[in-house]
Amino acid sequence: MKPVLKSNKLHNVCYDIRGPVLEEARRLEEEGHRVLKLNIGNPAPFGLMAPEEIIQDVIYQLPDGSGYSDSKGLFSGRKAVMQYYQKRGIEEVQIDDIYLGNGVSELIVMSMQALLNNGDEVLIPAPDYPLWTASVCLSGGKAVHYLCDEQSEWYPDIEDMRSKITDRTRAMVIINPNNPTGAVYPKEVLEAMLQVAREHKLIVFSDEIYDKILYDDAEHVCTASLADDLVFITFNGLSKTYRIAGYRAGWMVVSGNKFAAKDYLEGITMLASMRLCANVPGQLAIQTALGGYQSINELIAPTGRLYRQRELAHRMLCDIPGISCVKPKGAMYMFPRLDPKVYPIKNDQQLVLDLLIQEKILVVQGTGFNWPNPDHLRLVFLPREEDLHTALTKMAEFFERLRK
Ligand code: PLP
């Protein structure tokens with residue numbers, strides 16, 4: 001039989017967070033090794049569990065959740081999302097502007113498929129959460145990366161962004177708080193980005209899935225609250241703040257100049273109907289999550305687990321000669337820089353593989369986040385302090401050997 005080949009549409013699509021290095025980690029585990037996984041932002045396996053109240057409410061409602069829901073989602077979940085954004089400064093949002101999905105992931109893919117013609121360009125940050133780039137490519141578009149500046153707290157470089165606009169640019173993606181850098185953008189930075197969008201009539205996609213995971217004095221500004229003359233699609237969900245990534249509950253909110261986006265929204269609504277509806281048990285969790293006690297605040301307070309883990313991981317990373325790291329103000333990741341003079345790395349995937357094989361530590365290479373140079377890594381600071389301490393001690397030994 002002829003070999004069965006994958007579609008050409010997948011040729012430029014990549015998602016290294018769950019890529020080939022993970023396969024090797026699985027193999028090592030099958031051989032009986034314990035691999036310390038600092039590669040995926042999945043809170044529950046690290047004992048960061050969803051609040052009991054959410055789980056109990058879902059169990060209670062489960063018998064009513066066996067049928068399909070409306071394609072845009074259950075009334076209760078959409079109403080809770082609507083109220084959340086009204087309080088966050090998007091006052092005019094209506095229940096009809098809200099689409100529930102199987103996590104933010106499904107909605108990212110859907111929003112790109114409904115928008116792009118072949119060759120249309122979308123501005124995406126570098127580094128990025130790679131699903132954005134992958135979804136643009138899968139939809140026939142071209143992902144054009146604007147640089148974020150490590151010297152300036154990883155804020156987007158507005159001049160670089162401007163220089164990348166062409167007559168095919170349709171949209172701008174903002175990821176704030178950012179994965180993988182942990183940057184949280186001040187209002188002025190967001191306003192400068194929106195000015196670029198305004199000048200070039202770009203639709204703004206704002207991925208705000210970490211909007212409540214903030215440290216120190218960081219404040220999150222909801223991008224869409226800053227203007228009503230542009231078309232905004234805001235993304236968020238329960239996977240991170242409420243630690244229930246497995247329920248696959250996310251949403252997308254349309255706001256601003258909705259009139260201009262009428263045709264596009266018809267496209268999105270059609271795609272939402274084609275997949276019938278999002279997982280209903282996941283939708284059942286939304287109202288309780290958004291309305292109830294916000295237990296995330298305990299985890300990010302200076303005495304909380306996430307805060308302490310961030311402190312430890314950052315200190316230990318920066319103690320390794322030739323490694324520096326902008327301290328994240330949000331989310332659950334660090335994106336340290338390996339000084340090329342100290343570590344002249346050519347292939348960062350190989351580096352990550354070597355770290356895995358030699359020390360049984362799994363991280364993701366920076367180029368997996370569409371960062372142009374092989375001089376960064378991403379690690380997740382979700383493991384408990386003991387495990388982070390072990391992992392970073394081993395990493396320090398690994399990099400010491402590289403320096404010799
Ligand atoms: N957006 C960002 C920035 C993420 O980091 C992630 C997951 O890591 C997602 C979206 C996808 O989340 P979900 O579990 O809602 O699909």
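Predicted model only: the values in this text are computed from it and were never measured. (Residues numbered from 1 in each chain as written. Predicted model: local features only at pLDDT ≥ 70, side-chain atom pairs only at ≥ 80, totals over all residues.)

## Some details on helix H12 (residues 305-318)
Here H12 spans 20 Å end to end across 14 residues, near enough to the 20 Å set by a 1.5 Å rise per residue. Considered for burial, the residues of H12 that qualify are Leu306, Gln309, Arg310, Ala313 and Leu317. Across the axial projection of H12, the buried residues extend over an arc of 105°, all falling on one side. Check the buried side of H12 and you find it contacts helix H11 (296-300), strand E10 (323-324), strand E11 (333-334) and helix H14 (385-403). (Helix = DSSP H or I, 4+ residues; strand = E, 2+ residues; numbered from the N terminus. Expected span 1.5 Å × (residues − 1). Buried ≥ 20, exposed ≤ 12 C-beta atoms within 10 Å, placed from the backbone. Arc of directions from axis to C-beta. Contact = placed C-beta atoms within 7 Å.)

## Concerning unusual backbone geometry
Residue Asn176 is joined to Pro177 through a cis peptide bond whose omega torsion reads -10°. Following the sequence through the fold, Pro177 ends up in the loop between strand E6 (169-175) and helix H7 (187-199). That bond from Asn179 to Pro180 is cis: its omega, 20°, falls within 30 degrees of zero. Counting through the fold element by element, Pro180 comes out in the loop between E6 and H7. The residue Trp154 is not glycine, and still its phi comes out positive at about 65°. For Trp154, the position within the fold is in the loop between strand E4 (142-149) and strand E5 (155-156). Located in the positive-phi region is Asp216, a residue other than glycine, with phi close to 55°. Position of Asp216 relative to the elements: it lies in the loop between strand E7 (203-207) and strand E8 (231-237).

## Overview of the nonpolar core
Across soluble globular proteins, nonpolar side chains show a tendency to be buried alongside one another. The biggest cluster of nonpolar side chains holds 115 residues, and the ones touching the most others in it are Met172, Val173, Val204, Ile244, Ala285, Ile361 and Val363. Ranked by residue count, the leading element in this core is helix H4 (residues 103-115), at seven residues. Two domains share this core, each providing at least three of its residues, namely domain 1 (8-49 + 298-403) and domain 2 (52-291). The contacts of Val363, once residues within four sequence positions are left out, are Leu38, Asn39, Val352, Leu355, Leu377, Arg378 and Leu379. (Core = buried A, V, L, I, M, F, W, Y, C linked by C-beta atoms within 7 Å. Domains from an automatic or database assignment.)

## Let's talk about the site of the ligand
Taken together, 13 residues surround the ligand, and among them Gly103, Val104, Ser105, Tyr129 and Ser239 come closest. At three residues, H4 tops the list of elements feeding residues into the shell around the ligand. The residue makeup of the shell around the ligand, split by class, is five nonpolar, seven polar and one charged. (Near = placed C-beta within 6 Å. Nonpolar A, V, L, I, M, F, W, Y, C, P; charged D, E, K, R; others polar.)

Don't take any of this as a statement about function, it's just geometry.
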